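Residue-level listing of the chains:
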Amino acid sequence: MLKVTDLRGRTPTTSELRRALPRGGVDVDAVVGDVRLIVEEVRRSGAAAALDYGEKFDGVRPSSVRVPAEVVARAVDTLDADVRAALDEAITRIRAVHAAQKPQSHTTTLRPGATVTEVFVPVQRVGLYVPGGKAVYPSSVLMNVIPAQEAGARSMVVCSPPQEEFDGWPHPTTLAACALLGIDEVWAVGGAQAVALLAYGDDSHDLEPVDKVTGPGNIFVAAAKRVVNGVVGIDAEAGPSEIAVLADATADPTLIAADLVSQAEHDEQAASVLITDSAELADAVNAEVERAAAATLNSERASSALGGGQSGIVLVDDIHTAIAAANAYAAEHLEIHTRNPRDVAERITNAGAIFVGPYSPVPLGDYAAGSNHVLPTSGTARFAPGLSTHTFLKPVSVIEYDRDALEEIGPHIITLSAAEQLPAHGEAIKARGIGQAAAGEEE
């Protein structure tokens, strides 16, 4: 089922690895043109256009964009007790991790009277997108809302697609997760039109625009984020889910197969990749993957993903090369199943999240490890982080100099402004009665 890429017998360069490793992804460029038209229409016509597009694409039109607060609150009452307990525990763990992420302000004193203080200011209003297509994602509510709350965002709105079977509102479990976190502003809108409405708002419907949009979504959501980037901030253009497993001969093929299948069930474009120096393990995993994929509820979807060009097994000569391959691939989720997994983890530089050892599977992070599951995809983990409390904070420098401190540095500023042929910069210093003697000497 999983195609094998055999890189044994050579030491591939980073460039060779990037070309050889399985890679899927989606062509966002292909839909940007159409999405731009949707965004522009929503910018002009607001909620009416967003509802029109939702009805056109999904056949659902809620009675309003904004879900009534009583509908959100009532969703908790119908929540299954076990699901409620699981969400409560996940909330506790996720909040603990994200609260600890918040940085502290600090001041650097360069000399008496010369200080630079870095403060962290929360994004004031955020729009949090929660998908609702092939599955129900209360976990994505938690992963978006909690870091925004811990950062101190003033207000937030959750957007999730309307569902015909629930009177045009988002899924009740999604709404219940919002209620458990104290979120009562939920918009029943999905896709590109949701991102556009978050960016531009609609005063006539009391829909206030946001400053930043975060959260995963399909290709149309990714394209809309690209289009509105600059009008609002975005976290990333999320691609399909992906898992890479770095393993040696000591690994359990049944566990690896289960984890590969767990991500493949997200959608047909999901990527599942095994990187190993053991041909015997590769054969065993391939056989177990085929069995497990056929037995799972979403077998058709999982099998399609596992058989696609974005998934596969990569054979290498040794663990050193396997680590290089993992770093070149830069997986959204990277599991390590080796003899000394922690030692290997310390050599990983590119991954959205690293899961160390056989008892740290990716589904743990998807729900309740405490870490965030909104992570960089399509190799962007080489330079981009996942969602965190930092996503909703802006580091701002506060500069405070007194006259003596400016007097000391002023001549250097005047000199540098002249060197850059921007003399008005220097004149702004001289206007304060500073640097005149130095300027006279130069003349």
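Along each chain, residues carry numbers from 1 onward, in the same order as the chain's sequence is written. In keeping with the predicted nature of the model, local features appear solely for residues at pLDDT of at least 70, side-chain atom pairs appear and are counted solely at 80 or more, and the whole-chain, interface and lining totals rest on all residues. Calculated side-chain values reflect all of the structure's heavy atoms, with hydrogen atoms and water omitted.

- Looking up the chain in an unreviewed UniProt entry gives the name Histidinol dehydrogenase, with the organism given as Corynebacterium timonense.
- UniProt positions are given in the numbering used here, feature names are shortened, and annotations may be inferred rather than shown by experiment. The UniProt entry for the chain carries the following text under Pathway (unreviewed entry): "Amino-acid biosynthesis; L-histidine biosynthesis; L-histidine from 5-phospho-alpha-D-ribose 1-diphosphate: step 9/9."
- Within the UniProt record for the chain, the comment given under Function (unreviewed entry) is "Catalyzes the sequential NAD-dependent oxidations of L-histidinol to L-histidinaldehyde and then to L-histidine."

## Looking at the confidence of the model for the chain
And then number 1: How sure the predictor is of each residue is captured by pLDDT, a score from 0 to 100. A residue-level look at the chain finds 98% of positions with pLDDT of 70 or above and a mean pLDDT of 96.
And then number 2: In the model, residues 438–443 has pLDDT below 50 throughout and makes three contacts with residues more than four positions away in sequence or in other chains. Residue contacts are counted whenever heavy atoms from the two residues lie within 4.5 Å of one another.

## Some words on the UniProt feature "binding site: substrate" (unreviewed entry) in the chain
And then number 1: Sites flagged by UniProt as "binding site: substrate" (unreviewed entry) map to S241, Q263, H266, H333, D366, E420 and H425. An extended arrangement is adopted by the annotated residues: their sequence extent is 185 residues, and the largest C-alpha distance between any two is 55.7 Å.
And then number 2: Every helix listed is a DSSP run of H or I at least four residues long, and every strand listed is a run of E at least two residues long, numbered separately from the N terminus. Mapping S241 onto the fold places it in the loop between β8 (233–234) and β9 (242–247).
And then number 3: Throughout this description, buried means an accessible area under 20% of the type-specific maximum (1.4 Å probe, protein chains only), exposed means over 50%, and partly exposed covers the range between. Owing to a relative accessible area of 11%, S241 belongs among the buried residues under this scheme.
And then number 4: In this view, S241 contacts Q263, H266, A270, A271, E332 and H333; residues no more than four positions away in its chain are not counted.
And then number 5: A polar side-chain atom of S241 sits 3.0 Å from a polar atom in the side chain of Q263.
And then number 6: Among the structural elements, H266 can be located in the loop between α10 (253–264) and β10 (271–276).
And then number 7: Classification of H266 as partly exposed rests on a relative accessible area of 25%. What qualifies as a polar contact is a pair of N or O atoms within 3.5 Å, subject to a donor-acceptor requirement within protein and to the restriction that residues adjacent in sequence count only when both atoms come from side chains.

## Remarks on the UniProt feature "binding site: NAD(+)" (unreviewed entry) in the chain
And then number 1: Following the UniProt record, the feature "binding site: NAD(+)" (unreviewed entry) maps to Y129, Q193 and N218 here. Their sequence span is 90 residues, while the largest C-alpha to C-alpha distance among them is just 12.3 Å; these annotated residues converge on one region.
And then number 2: Here Y129 lies in strand β4 (residues 125–129).
And then number 3: Contact partners of Y129, with chain neighbours within four places excluded, come to N144, C159, P161, V189, G190, G191, A194, T214, G215, P216, G217 and V221.

## Focus on the packing of helix α5 (residues 81–101) against helix α6 (residues 138–151)
And then number 1: Axes, fitted as lines to C-alpha atoms, cover a helix only where it is in contact. Angles between the N-to-C directions of the axes lie from 0 to 180 degrees. In contact at an axis separation of 9 Å, α5 and α6 are set at 35° when each is read in the N-to-C sense. The way α5 lies across α6 gives a crossing that is right-handed. Between α5 and α6, the contacting residues are L87, A90, I91, I94, R95, H98 and A99 on the first element and P138, L142, M143, I146, P147, Q149 and E150 on the second.
And then number 2: Of the residues belonging to the contact of α5 with α6, the class tally is 10 nonpolar, two polar and two charged. Each crossing gets its handedness from the near helix: less than a right angle anticlockwise from the far helix is left-handed, clockwise is right-handed. Amino acids are sorted into nonpolar (Ala, Val, Leu, Ile, Met, Phe, Trp, Tyr, Cys and Pro), charged (Asp, Glu, Lys and Arg) and polar (every other residue, Gly among them).

## Overview of the side chain of T173
And then number 1: Note that T173 resides in helix α7 (residues 172–180).
And then number 2: Look past the residues within four positions of T173 in its chain and what remains in contact with it is L79, V83, V136 and P138.

## Re the pattern of salt bridges
And then number 1: Any carboxyl oxygen of Asp or Glu within 4 Å of a side-chain nitrogen of Lys or Arg constitutes a salt bridge here. Considering all chains together, one arrives at 22 salt bridges under this definition.
And then number 2: Each of the salt bridges in this network shares a partner with another, and the network as a whole consists of R66, R125, R154, E185, D206 and E208.

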